[in-house]
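# A closer look at the structure
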Amino acid sequence: MKSKRTSVLFALAVLLPAAVVLAAAAFAAAPAANPVRLFVDGRELFLSPAPEIRDGAVVAPVRPVAEALGADVRWDGQNRSVHVSTGPSVAREQVIEWIAEQGRENDYFWDGLWYEEADLDGDADLEVVAGIDGAVHLGQFFIFDRAQDGRYKLVKEEGWKVERVRLDDPIEMDGKKLFQIVKRTGGTGLDIYIAHLFYMENGNVVDAWEGILREIQMASEPKNYTLKVGNYQIDPGTRSLYAWESVYRLDETGTRTIGDPATVVKKYRFDGTRFVE
């Protein structure tokens, strides 16, 4: 996240789960009839609830104020704490160094490197999720866990080409936070997108489930060309995952479906570790 120089009409003093307390000597005598106005870089923020003077300090919601300053805000409900990050704590050069030192390969395509920081296991320490995009179906995927001494340990490496990562909205299941990635594989005449669910527990990455989202098969004779599409839905209340796949025949150009699909629906149950049929 890029940093910027800001001119703000307040100084950050104390963070609370629902509000940020701002030093406000200049406003200490402001009457209730005159609401406190808050500006960031000359732009007024219209907040709800509005800033107010409380015990000689100005109180305002932390999230909109911090985000206006270019920071990220994360609420840790388990520990009832707010975490404000003003930028990435890990540099790209550090991730390259960790992969080079701990990875399985002797050489990697560093130009294709990407990475994100996220709290995967609920301990408020940010793990590092990284990947390397090599080619259409080639790549690597990594997860680094942050130890108590501050060092990062490689806990997962896979030869996956990851197309999408969703780390901001995990699914809660038995106290575990399930995250989704979409990986891509295939070869000549075959292209497959796969949804993969995982979580972290006790410093380990657990693969909970995966299923096909889209598969095009055009590697054989045109009469055997097929398109498979799928999706899934999780019901935390019943600890169940419902997945369905529909298979269509394709015409000889591979661009149009023929006839009605054959659809299969499967139900999986979470056994405390992963989803099983």
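This text goes with the structure placed above it.
Report on the accompanying structure. Please read these numbers as outputs of a predicted model, since none were measured by experiment.

## With respect to helix α2 (residues 92-102)
- Along α2, the positions that sit buried rather than exposed are Val95, Ile96, Trp98 and Ile99. Taken end-on, α2 shows its buried residues confined to a sector of 165°, consistent with a single buried face. Among the exposed residues of α2, those pointing more than 90 degrees away from its buried face are Glu93 and Glu101.
- Against the buried residues of α2 lie β9 (113-118), β10 (127-133), β11 (139-146) and β12 (152-158).

## A word on the nonpolar core
- With 18 residues, the main nonpolar core has Leu178, Leu197, Trp209, Tyr232, Ile234, Leu241 and Phe275 as its most contacted residues.
- If you list the elements that add at least two residues to this core, you get β14 (176-187), β15 (190-201), β16 (204-217), β17 (226-235), β18 (240-250) and β19 (257-270).
- In this structure Leu241 touches Leu197, Trp209, Tyr232, Gln233, Ile234, Lys266, Lys267, Tyr268 and Phe275, once residues within four positions along its chain are discounted.

## Section: the pattern of salt bridges
- In this structure the tally under the stated criterion is 15 salt bridges.
- Among the ionic pairs, Asp125 bridges to Arg146, the shortest N-O distance being 3.6 Å. Of the two residues, Asp125 is situated in the loop between β9 and β10 and Arg146 in strand β11; the sequence distance between them amounts to 21 residues.
- Of the charged contacts, one joins Glu210 and Lys183 as a salt bridge, the two residues approaching to 3.0 Å between their closest N and O atoms. Of this pair, Glu210 sits in strand β16 while Lys183 is found in strand β14, placing the two residues 27 residues apart along the sequence.

About the criteria used
Residues numbered from 1 in each chain as written. Predicted model: local features only at pLDDT ≥ 70, side-chain atom pairs only at ≥ 80, totals over all residues. Heavy atoms only, no water. Buried < 20%, exposed > 50% of the residue type's maximum accessible area, 1.4 Å probe, protein only. Helix = DSSP H or I, 4+ residues; strand = E, 2+ residues; numbered from the N terminus. Arc of directions from axis to C-beta. Contact = heavy atoms within 4.5 Å. Core = buried A, V, L, I, M, F, W, Y, C linked by side-chain atoms within 4.5 Å. Salt bridge = Lys/Arg side-chain N within 4 Å of Asp/Glu carboxyl O.

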